[in-house]
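Each chain, written out:
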Amino acid sequence: MCMLGNCFSKCGKGFITNEGRDCVDVDECNEDPEQCGKGAKCYNTNGTYYCVCLPGFRNIAGTINFTVTTGQCRDINECTAEGGRCGRAGHCSNLIGSYNCTCQSGYFSPNGTEKCREINRCEESKINICGENGTCQNDELSYWCKCQQGYSNYGNKRTPCSELKCDGFSADSGPTQSPRGLANILSMMRNSCLALSSPSAAGGEKFDGETLLEKLFTATEAVLSPGRPDTAEDVSLLLGTVENSIMFIGPQLKGNHTKIQTNETDAQIAVRRGSTRPTGAIHLTNENATLETDWETASGTGTYPGFAMAALLTYKNLKISGNRSFEELKGREKDGVDPSFQIFSRVVSVVVSNPSTQNLSRSVNITLRHLKDAEESPEERYICAYWTERETWSTDGCYQHHSNATHTVCTCEHLSSFAVLMALYPIEEPFGLLLVNNIALIISIVCLLLSILTFMFCRSIKGTRTTIHLHLCICLFLADLIFLAGISQTEPVNGCRFVAAMLHYLFLGVFTWMLLEGVQLYRMVVLVFNATIRPLYLFLAGYGMPLLIVIISAIIRPKGYGTDKFCWLSLEDGLIWSFVGPVCFIIVINVFFFIITVWKLAHKFTSLNPELSKLNKIKAFTVTAIAQMCILGLMWVFGTLLFQEGTVHTRTVSAYIFTILNSLQGALIFILHCLLSKQVREEYAHFLSCICTTHKKRYSDLTSTNPSSTQSQGSRSGQQTSESQI
């Protein structure tokens, strides 16, 4: 229709005329896809349309249906809705037209928009994640394992429950009575184990891992310090107790690496925790040992308890006495002779959480430092050994990988307590040394016997000084005689100990009588009058003081008398100082007396009216005493080297010098105090004249033709009386 030049459709709004002049609906939604804007959907109706907001959007006008002129869709922030779209364990993130839920650990949202639900780990797990003796319990975030009594997960509640062997800390479980102080360790560990086994039990004091470890090594130091356990039974009990204690304490330690050191022990403990087994190398080291292994070996192949542990423990002064501990070291003969053994490193224990350590899948390397720097030789061989449950050393499954002068590397297929042993093959003494030794000792014994007879029966030299020389010779004579007959007779053991004790007593007696000689010389110079000493006092000092020292030494260290090679004092545990200490003290005191004596003599020689004859005699006495002290003191310097472990060359040279000086000691006393004494020579001549008639007649003729013989005899008699008083 057209009017006044304008044409109008006969159809209404929202319709259009088609070619047949019929009215047809206009699809506004199809003509303009953005008709309703973003976040809305357009719906066409007959003659019109309407818009509806999509989920996540809302009409700003508040109505549901609207047109472009009556409304508009805007995004809804679902995260601000009351109660939370994602729940307490989820985090809501708003999106355009939607939102997303991020759940905490232990929760999940099925489609990302539903509330976070708890994951039931206990039901989802195909295996019992708490072990056969644990019950899985869900909590808000994850799960935890509730252990039965006698089991624990050591405070890590999401790990399987492991058995606690508290009965292993019972003082009654050992084969013998516990060493002093070890019962305290067992009691402390047992109480801590029971408290961990049953947390609800009252009365048990609970400690954390670090505190318990410190208490363990403090108590261990108390066990080792006063009287170290040296028997095989005591050592086995100590090693087992400490190893079990470390296996119990290790999982309770908070740190990954713990180091603790005392005067007696040095320990390093490494711990790894996690849901999977740790991997990688383990390297633990201290001053005396190094452990090289891996975490696969430390954790083992059995049920993984949620942790793995490796520990290296060094005992700084632990020693094991008795040859029975070496009984299993067979097959090491050389030229048909079995060697003797000695421990040549610190005793080291290796502890891991792997319960199966008797046959490891991979070998471990343990580097041990020697107690002394020494290269291997044909007479000295290093052996890697471990301490067995049979209380002996064994080499099964342990091999010497490499050795030098300072360290030995041991490769072992199992774990225990280890040490480097030295196999000592007996050194065949050269025939020349044996010959010289026997001849020298016989010479010394003969000279001492002659000296003893001289001092006993020669009346012209009777006096305090002669009494001292007599008993000095008796002690040295008996010492040389026992030394010659019994120094190498190490069997039976009690007989060897008796020989060692007698040598200790007699040689101390020699030095004590030498001290009395120094005291007598001092009195002769300083106390001009009343210089004699009563024989009772001499005997009490000369024989009483050595006896007292030997008795005290035998009470304190009864097993120190006699060694595997010689019947002499053991060089271990300091028993040798019961001889060296008094000897050094006597030498120092004698040096002091001799200095005073020489100084006084020099002063008297420069006086206006010196008694030259008497002073010359005292001077001669002093020189002989000093020479005697030097020979005897120097002899025992080399004697100490002879009994110590050293190189073959050093011991051979020391043996020759010791033998020569030993023979010189007896000969020196005979020469200085007998042959060089004019009175003694005259007594010898008189004695020989009584035996040989010819000598007697010749001597009688000589005296009858000498007009001054009567005068000489009178003078000699007076001189003898004077010297006798001295």
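About the cut-offs
Sequence order as written defines residue numbering, which begins from 1 separately in each chain. Totals for whole chains, interfaces and linings use all residues, but because this is a predicted model, local features are given only for residues with pLDDT of at least 70 and pairs of side-chain atoms are given and counted only at 80 or more. Side-chain numbers here rest on the full set of heavy atoms in the structure, without hydrogens or water. Stacked, tilted and edge-to-face are the three classes assigned to paired rings of Phe, Tyr and Trp, where Trp is represented by its six-membered ring and a pair needs centres within 6.5 Å; plane angles under 30 degrees give stacked, over 60 edge-to-face, the rest tilted. Labels follow the DSSP assignment, with helices taken as runs of H or I lasting at least four residues and strands as runs of E lasting at least two, numbered in each case from the N terminus. Partly exposed describes any residue whose relative accessible area lies between the buried limit of under 20% and the exposed limit of over 50%, with all areas from a 1.4 Å probe on protein chains only and scaled to the type maximum. When the NZ atom of lysine or the CZ atom of arginine is within 6 Å of a ring's centre and also within 35 degrees of its normal, the charge is said to sit over that ring. Among the buried residues, those of types Ala, Val, Leu, Ile, Met, Phe, Trp, Tyr and Cys that are joined through side-chain atoms within 4.5 Å form a nonpolar core. Patches draw on residues past 30% relative accessible area with no salt bridge. Two like charges within 9 Å are joined, as are two nonpolar side chains (Val, Leu, Ile, Met, Phe, Trp, Tyr) within 5 Å. Only the protein chains shown count as cover for residues, with accessible areas throughout obtained via the Shrake-Rupley method and a probe of 1.4 Å. Just to be clear on terms, a salt bridge is a Lys or Arg side-chain nitrogen sitting within 4 Å of an Asp or Glu carboxyl oxygen. Any cysteine sulfur atom paired with another within 2.5 Å is treated as part of a disulfide.

A.B. asks: How should the packing of aromatic side chains be read in this particular structure?
C.D. replies: To describe a pair of aromatic rings, you give the distance between the ring centres and the angle between the ring planes. A complete count under the given rule lists 11 aromatic pairs for this structure. Both rings, one in Tyr-154 and one in Phe-307, keep their centres 5.5 Å apart while their planes meet at 85 degrees; by these two values the pair is edge-to-face. Linking Tyr-154 in the loop between β16 (151–152) and β17 (162–163) with Phe-307 in strand β22 (residues 307–315), this pair joins segments that are 153 residues apart in sequence. For the residue pair Tyr-154 and Phe-307, the accessibility class agrees, reading buried in each case. Taken together, a centroid distance of 6.4 Å and an interplanar angle of 85 degrees make the contact between Phe-507 and Trp-568 edge-to-face. A residue pair is termed long-range when its members are at least 10 positions apart, and Phe-507 in helix α9 (residues 493–526) and Trp-568 in the loop between α10 (535–556) and α11 (577–605) qualify at 61 residues. Each member of the pair Phe-507 and Trp-568 is classed as buried. The ring of Tyr-537 has Arg-534 sitting right over it, with the charged end atom 5.3 Å from the ring centre.

A.B. asks: Just to check I follow, could you spell out the nonpolar core for this structure?
C.D. replies: One recurring pattern in soluble globular proteins: nonpolar side chains tend to sit buried together. Of all hydrophobic cores here, the largest spans 54 residues; its most connected members are Leu-503, Phe-507, Trp-513, Tyr-561, Trp-568, Leu-569 and Phe-579. At 15 residues, the largest contribution of residues to this core is made by α9. Core analysis: the next-biggest nonpolar cluster, separate from the first, contains 50 residues, Cys-193, Leu-213, Ile-249 and Val-351 among them.

A.B. asks: Before we go on, may I ask you to explain a nonpolar patch on the surface in this structure?
C.D. replies: Among the surface-exposed residues, Ile-442, Val-446, Leu-449, Leu-450, Leu-453, Met-456, Phe-457 and Leu-484 lie close enough to one another that they form a single nonpolar patch of about 690 Å² accessible area. It is helix α7 (residues 431–457) that contributes the most residues to the nonpolar patch, seven residues altogether. Along the chain, the position of Leu-453 falls in helix α7.

A.B. asks: Help me understand the state of the cysteines, please; the structure alone is not making it clear to me.
C.D. replies: Among covalent bonds in proteins, the disulfide is the one between the sulfur atoms of two cysteines. For the coordinates displayed, the defined rule picks out 12 disulfides. Across a sulfur-sulfur distance of 1.7 Å, Cys-36 and Cys-51 are joined as a disulfide pair. Where Cys-36 bonds to Cys-51 through sulfur, the torsion about that S-S bond is close to -80 degrees, and the disulfide is left-handed. With Cys-36 in the loop between α1 (28–31) and β5 (40–45) and Cys-51 in strand β6 (residues 48–53), this residue pair connects regions lying 15 residues apart in the sequence. Residue Cys-36 is classed as buried on the basis of its relative accessible area, which comes to 8%. By relative accessible area, which is 0% here, Cys-51 ends up buried. Covalently, Cys-53 is tied to Cys-73 through a disulfide, its sulfur atoms 2.0 Å apart. Since a negative S-S torsion denotes a left-handed disulfide, the Cys-53-Cys-73 link at about -105 degrees is left-handed. On the criterion of sequence distance, the pair formed by Cys-53 in strand β6 and Cys-73 in strand β9 (residues 73–75) is long-range, its members being 20 residues apart. Like Cys-73, Cys-53 is buried. Summary of cysteine pairing: Cys-447 is not part of a disulfide, and the nearest cysteine sulfur, belonging to Cys-674, is at 9.4 Å.

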